[in-house]
Amino acid sequence: MAYRTIEVTPIGGTMGAEIAGIDLARPLGNEQLAEIHQALLENQVLVFHGQDLTIEQNKAFARRFGPLVPYPFVKGLDDHPEVFEIRKEPDEEKNFGGAWHTDMSFEERPPVGTMLYARETPSRGGDTLLANLYRAYETLSDPMKRVVEGLKGVYSGDLKGRRGGRKALMDTTRFQTANVERAGEMEAEHPLVRTHPETGRKALYVSGSHLYRIAGMTDAESAALVGFLKDHAATPDFTCRVSYRPGTLVVWDNRCTQHRALNDYPGERRVMHRLTIGGGDRPH
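Residues numbered from 1 in each chain as written. Predicted model: local features only at pLDDT ≥ 70, side-chain atom pairs only at ≥ 80, totals over all residues. Heavy atoms only, no water.

## Here we look at the overall build of the chain
Within the chain one finds 6 helices and 16 strands. Taken across its 284 residues, the chain has 54% of its residues classed as buried. In the chain, the proportion of contacts linking residues at least 24 apart, taken out of those at least 6 apart, comes to 83%. For the chain, the accessible surface area stands at approximately 12,600 Å², while carbon and sulfur atoms represent 46% of it. Each charge class in the chain was averaged separately, 36 positive and 39 negative side chains, and the resulting centres sit 2 Å apart. (Helix = DSSP H or I, 4+ residues; strand = E, 2+ residues; numbered from the N terminus. Buried < 20%, exposed > 50% of the residue type's maximum accessible area, 1.4 Å probe, protein only. Contact = heavy atoms within 4.5 Å. Areas by Shrake-Rupley, 256 points an atom, 1.4 Å probe, with all protein chains shown as cover. Lys, Arg positive; Asp, Glu negative; His and termini not counted. Charge placed at Lys NZ, Arg CZ, Asp CG, Glu CD.)

Structure (structure tokens):
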């Protein structure tokens, strides 16, 4: 569509756009908000550089997309429990979110979106890769579409497809953790193909870290199909890459994307504020 109040520049061939001509610290008009919302639906991930935001301003903008919900496994900031700080110090080797995933897909109603605001960035690296799950579905063969459209995946907060599970991951970080002992109880079944409630498009609902089996299949059948779908959903042709500098704000649609944080900045610090946007529907 043609935009009147914002500038929209694609950053990848299949998804993603940079948004310019707007200051998110200032009150936004209805037309600006409507165009930002439409740009997100069309591009799946939006990047706003050069934003100087307080935490309250960041939260206020995030709430334009839906209510804020806390992330279950990390304690939020003392005065802002909906915001948690993703911090990797120069002496840490492992990063947070370094495997493909769709945020909190183990919930009955997974979040609508995720927002990251860059507070401190390394001199190079530290980008986020995002994958277009519409394209992941659309590029399946017709026989494979017929197979997956009748199936449900089982998504776990315990990272059952990852060695050591949730506890092993959280033990490698310095976060103030929460609810880790309950991670195994956080599990949901969702269709492998979900229809976006606003665009009506079908997406392959794959969350690399959380999807661990196909309901009703044997272990061998499930492992083969899950492995194929995870590899397919991470096809480089479906992706875009977001680069940060201090003041970069990024929002993406969790209903039709997955993402991973790159860990290519050894010896440097990276600090992000993450907000999770709730109010999502039950995938169908």
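What follows picks up the thread again.
## Notes on the pattern of salt bridges
Evaluated as defined, the whole model comprises 18 salt bridges. Here E108 and R282 are joined by a salt bridge, their closest N and O atoms 3.8 Å apart. With E108 in the loop between β5 (83–88) and β6 (113–120) and R282 in the segment after β16 (270–277), the pair connects residues that are 174 residues apart, well separated along the chain. The class for R282 is partly exposed, based on a relative accessible area of 42%. Of the charged contacts, one joins D253 and R255 as a salt bridge, the two residues approaching to 2.9 Å between their closest N and O atoms. Taken individually, D253 and R255 each receive the classification buried, so the pair is uniform in this respect. Overlapping salt bridges bring together E85, R87, E89, E120 and R269 as one network. (Salt bridge = Lys/Arg side-chain N within 4 Å of Asp/Glu carboxyl O.)

## Section: helix α6 (residues 219–233)
Given 3.6 residues per helical turn, the α-helix brings residues three or four places apart onto the same face. Compared with an ideal rise of 1.5 Å per residue, which puts 15 residues at 21 Å, α6 spans 21 Å between its outermost C-alpha atoms and is within 8% of the ideal. Along α6, the residues that are buried comprise S222, L225, V226, L229, H232 and A233. All buried residues of α6 fall inside an arc of 130 degrees around its axis, so they share one side. Projecting away from the buried face of α6 at angles above 90 degrees are the exposed residues D219, A220, A223, A224 and D231. Contact partners of the buried residues in α6: β7 (128–132), α3 (133–138), α4 (142–148), β11 (202–204), β12 (211–214) and β15 (257–261). (Expected span 1.5 Å × (residues − 1). Arc of directions from axis to C-beta.)

## A few points about unusual backbone geometry
Residues other than glycine seldom take positive phi values, yet Q44 does so here, at roughly 75 degrees. The backbone of M104 shows a phi angle near 55 degrees, a positive value even though the residue is not glycine. When you line up the elements, M104 lands in the loop between β5 and β6. M104 gets classed as buried once you look at its relative accessible area, which sits at 5%.

## So, the sheet that holds strand β9 (residues 187–191)
Across the sheet, which stays open at both edges, the 3 strands sit in the order β9-β8-β12 with antiparallel pairing between neighbours. Each of the sheet's edge strands pairs with one partner strand only, and the pair in question is β9 and β12. Strand after strand, the sheet turns through a mean of 30 degrees between neighbouring axes, direction not considered. In terms of strand pairing, strand β8 (residues 152–156) meets β12 through 3 bridges, oriented antiparallel. Paired with Y155 across the strands is L211, a residue of β12. (Pairing = 2+ DSSP bridges. Axes fitted to C-alpha atoms, helices over the stretch in contact; angles between N-to-C directions.)

## Digging into the side chain of E82
Note on placement: E82 falls in the loop between β4 (68–69) and β5. Within the local environment of E82, its side chain forms a polar contact with the side chain of K59, the two groups lying 3.3 Å apart. Those residues in contact with E82 that sit more than four places away from it in its chain are K59, R63, L68, V69, R274, L275 and T276. (Polar contact = N/O pair within 3.5 Å; in protein donor to acceptor, adjacent residues only side chain to side chain.)

## Regarding helix α1 (residues 30–43)
The terminal C-alpha atoms of α1 lie 20 Å apart, and with 14 residues this matches the ideal 20 Å at 1.5 Å per residue to within 8%. Within α1, the full set of buried residues consists of Q32, L33, E35, I36, A39, L40, L41 and N43. Contacts from the buried residues of α1 go to β1 (7–10), β2 (17–20), β3 (45–48), α2 (55–62) and β14 (249–253). Just downstream of α1, Q44 is the residue with a positive phi angle, here 75 degrees.

## A short note on the environment of A60
With respect to the element layout, A60 can be found in helix α2. With 35 residues separating them along the chain, A60 and N95 place their C-alpha atoms 28 Å apart.

## Description of the nonpolar core
I36, L46, F48, F61 and M115 are the most contacted members of the largest nonpolar core, which totals 26 residues. The leading source of residues in this core is α1, at 4 residues. In this structure F48 touches I19, I22, L24, I36, F61, G247, T248, L249 and V251, once residues within four positions along its chain are discounted. M15, F84, F106 and V180 belong to the second-largest nonpolar core, a separate cluster that totals 25 residues. (Core = buried A, V, L, I, M, F, W, Y, C linked by side-chain atoms within 4.5 Å.)

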